[in-house]
Amino acid sequence: MIVHHLGKSQSERIVWLCEELGIPYDLRVYDRDPVTRLAPPQYKALHPMGAAPVITDGDLVLAESGAIIEYIVAKHGKGRLTLAPDHPDFAQFLFWFHFANGTLQPATGRNMILSRLKLPDDNPILRAMKGRLDLALGLVEARLARSAFLAGSEFTTADIMIVFTLTTMRLFLPFDLAPYPAILAYLQRIGGRPAYRRAMHKGDPDMAPLLT
Ligand SMILES: N[C@@H](CCC(=O)N[C@@H](CS)C(=O)NCC(=O)O)C(=O)O
């Protein structure tokens with residue numbers, strides 16, 4: 001299996017997952033275009049959507065973070081990093097796994113695009129979208145004030161899904177985590193994981209993870 005990692009992107013999740021599982025994989029790293037910050041043509045050629053992450057596994061070309069994570073965990077996880085339906089936190093696990101890329105990441109993406117339009121601070125769309133992001137971050141904060149990881153006491157792929165948005169995404173949309181002490185404490189726990197440190201070092205050796 002080849003993990004195609006676009007520098008400073010959501011594909012860091014897949015490198016991290018492989019490191020957590022300790023499975024063999026080949027890593028190919030691609031730099032973003034220095035002007036547009038988009039994926040280079042070689043990356044765009046991998047999949048019709050042209051966005052990171054992408055993996056190739058034999059003839060299979062698979063995109064979309066959630067699909068790739070579910071694919072790898074189903075094939076190689078042996079039950080690790082997920083919660084089974086009979087686990088008391090199963091529904092929490094599902095909620096947070098999907099919340100990460102279904103709500104939080106799109107909220108940051110919309111704010112990133114709006115920030116480029118240089119709208120006045122009182123623009124109603126800007127305020128509404130900022131409000132949505134604050135609401136989502138507040139929900140994560142409340143969850144992490146009560147449990148060590150998103151699904152509960154166990155580290156799962158829900159955590160692997162969300163950490164990009166709380167860290168590397170802030171290169172593209174700077175937002176202050178000072179009002180969210182439980183998120184900051186959580187990021188310190190994440191930064192203490194050897195697999196996370198290995199993944200970030202392999203994928204983005206020139207970047208210190210944005211854990212504060
Ligand atoms: N929902 C998709 C989002 C993919 C996405 O937007 N990836 C960004 C990286 S953070 C990308 O490839 N941007 C560069 C580009 O579009 O050229 C996923 O999670 O896989």
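Residues numbered from 1 in each chain as written. Predicted model: local features only at pLDDT ≥ 70, side-chain atom pairs only at ≥ 80, totals over all residues. Heavy atoms only, no water.

*Asks:* What exactly am I supposed to notice about helix H5 (residues 124-146) here?
*Replies:* Owing to its 3.6 residues per turn, the α-helix brings residues three or four apart onto one side. Relative to the 33 Å expected for 23 residues at 1.5 Å per residue, H5 spans 33 Å between its end C-alpha atoms, a close match to the ideal helical length. If you check which residues of H5 are buried, you get Leu126, Met129, Leu133, Ala136, Leu137, Val140, Glu141, Arg143 and Leu144. If you follow the buried residues of H5, they end up packed against helix H4 (90-116), helix H6 (157-166) and helix H7 (181-191). You can read the cap of H5 off the contacts: a side-chain oxygen lies 2.9 Å from the backbone nitrogen of isoleucine 125, and it is on asparagine 123. (Helix = DSSP H or I, 4+ residues; strand = E, 2+ residues; numbered from the N terminus. Expected span 1.5 Å × (residues − 1). Buried < 20%, exposed > 50% of the residue type's maximum accessible area, 1.4 Å probe, protein only. Contact = heavy atoms within 4.5 Å. Polar contact = N/O pair within 3.5 Å; in protein donor to acceptor, adjacent residues only side chain to side chain.)

*Asks:* Explain the domain arrangement of the chain to me, please; I cannot follow it from the model alone.
*Replies:* One frequent convention defines the size of an interface as the accessible area lost when the parts assemble. Once the domains are mapped, the chain shows domain 1 (2-81 + 197-203) and domain 2 (90-193). For domain 1 versus domain 2, the distance between C-alpha centres works out to 21 Å. On the side of domain 2, 22 residues touch domain 1, which itself brings 19 residues to the contact. Between domain 1 and domain 2, roughly 1700 Å² of surface is buried when both sides are summed, and carbon and sulfur atoms account for 60% of that area. Interface area lost by domain 1 to domain 2 is led by Arg13, Trp16 and Leu81, which between them contribute 35%. Where domain 1 packs against domain 2, one counts one salt bridge. The interface formed by domain 1 and domain 2 includes eight residue pairs in polar contact (both at pLDDT 80 or more). (Domains from an automatic or database assignment. Buried area = accessible area lost by both parts, 1.4 Å probe. Salt bridge = Lys/Arg side-chain N within 4 Å of Asp/Glu carboxyl O.)

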